[in-house]
Amino acid sequence: MGIFDGLVGNVLAALQGQQGEGVQPDALGQALNGALANTQFGSLDGVLSQLQSSGLGAQVASWLGQGNNLPISADQLREALGNEELQKLGTQLGIPMDQVSDILAKVLPPTVDQLSPNGTLAPPAGPTPG
């Protein structure tokens, strides 16, 4: 769990304006996809689909498109994704339940934005299958 703690910590440091060198959107995308595999969403794409179907399509579109990213609140995430799935995600990432939606609200917009340079979510680079 330490690797995820460090990864999320680095991303949060970068988002808070600190120089978080070495923070790779692909690495965060891999961590999120790995954790999301154990939820009903299955992947980052699944979370984006759930957010869109929950009335948050404008936010998701802003993250995928060019320009400013619209914010999403922790409450919006809880409502769209559900406490049970957020708890599963928190367990996978080693994040306390009361912090999961707050952290996702900070991390999702810039991560999705950086993983979608052409307007569609690219799968995070990972080890090539052998």
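Scoring rules and cut-offs
- Residues numbered from 1 in each chain as written.
- Predicted model: local features only at pLDDT ≥ 70, side-chain atom pairs only at ≥ 80, totals over all residues.
- Heavy atoms only, no water.
- Helix = DSSP H or I, 4+ residues; strand = E, 2+ residues; numbered from the N terminus.
- Buried < 20%, exposed > 50% of the residue type's maximum accessible area, 1.4 Å probe, protein only.
- Contact = heavy atoms within 4.5 Å.
- Areas by Shrake-Rupley, 256 points an atom, 1.4 Å probe, with all protein chains shown as cover.
- Polar contact = N/O pair within 3.5 Å; in protein donor to acceptor, adjacent residues only side chain to side chain.
- pLDDT = per-residue confidence, 0-100.
- Axes fitted to C-alpha atoms, helices over the stretch in contact; angles between N-to-C directions.
- Parallel < 35°, antiparallel > 145°, perpendicular 65-115°, else oblique.
- Nonpolar A, V, L, I, M, F, W, Y, C, P; charged D, E, K, R; others polar.
- Core = buried A, V, L, I, M, F, W, Y, C linked by side-chain atoms within 4.5 Å.

The next point concerns the overall build of the protein. Summing up its helical and strand segments, the protein has 6 helices and 0 strands in all. Ordering the α and β elements of the protein from the N terminus gives α-α-α-α-α-α. Residues classed as buried in the protein amount to 38% of the 130 residues present. Nonlocal contacts in the protein, meaning residues at least 24 apart in sequence, comprise 64% of its contacts between residues at least 6 apart. When the accessible area of the protein is evaluated, it comes to approximately 6900 Å², of which 50% is carbon and sulfur surface.

On to the environment of serine 53. Tracing the backbone through its elements, the reader meets serine 53 in helix α3 (residues 44–64). Classification of serine 53 as exposed rests on a relative accessible area of 59%. Residues serine 53 and alanine 80, 27 residues apart in the sequence, show an inter-C-alpha distance of 8.5 Å. A polar contact of 3.1 Å, which involves the side chain of serine 53, links it to the backbone oxygen of glutamine 50.

Before going further, it helps to spend a moment on the confidence of the model for the protein. Averaged over every residue, the pLDDT of the protein is 78; residues scoring 70 or more account for 72%. The least confident element of the protein is helix α1 (residues 2–15), whose mean pLDDT is 51; the most confident is helix α4 (residues 74–81), at 96. In this model, residues 14–23 is a region of pLDDT below 50 whose contacts with residues beyond four sequence positions or in other chains number 9 contacts.

Relative to the helices and strands, serine 116 resides in the segment after α6 (97–114). On the basis of relative accessibility, which here comes to 1%, the residue serine 116 falls in the buried class. At 3.4 Å, the side chain of serine 116 and the backbone oxygen of tryptophan 63 are in polar contact. Sequence-distant contacts of serine 116, that is, excluding residues within four places in its chain, are made with Trp63, Leu64 and Leu121.

Attention shifts here to the packing of helix α5 (residues 83–93) against α6. Where α5 meets α6, the closest approach of the two axes is 9 Å, and the angle between their N-to-C directions is 90°. The pairing of α5 with α6 is recorded here as roughly perpendicular in orientation. Along its contact with α5, which presents Asn83, Leu86, Gln87, Leu89 and Gly90, the element α6 presents Met97, Val100, Ser101 and Leu104. Broken down by class, the residue content of the contact of α5 with α6 amounts to 5 nonpolar, 4 polar and no charged.

What follows concerns the nonpolar core. Formed by 30 residues in total, the largest nonpolar core has its most connected members in Leu51 and Leu108. Those elements that place two or more of their residues in this core are α2 (25–36), α3, α4, α5 and α6. The element contributing the most residues to this core is α3, with 8 residues. In contact with leucine 51, not counting residues within four places along its chain, are Leu56, Gly57, Val60, Trp63, Ile72, Leu77, Ala80, Leu81 and Leu108.

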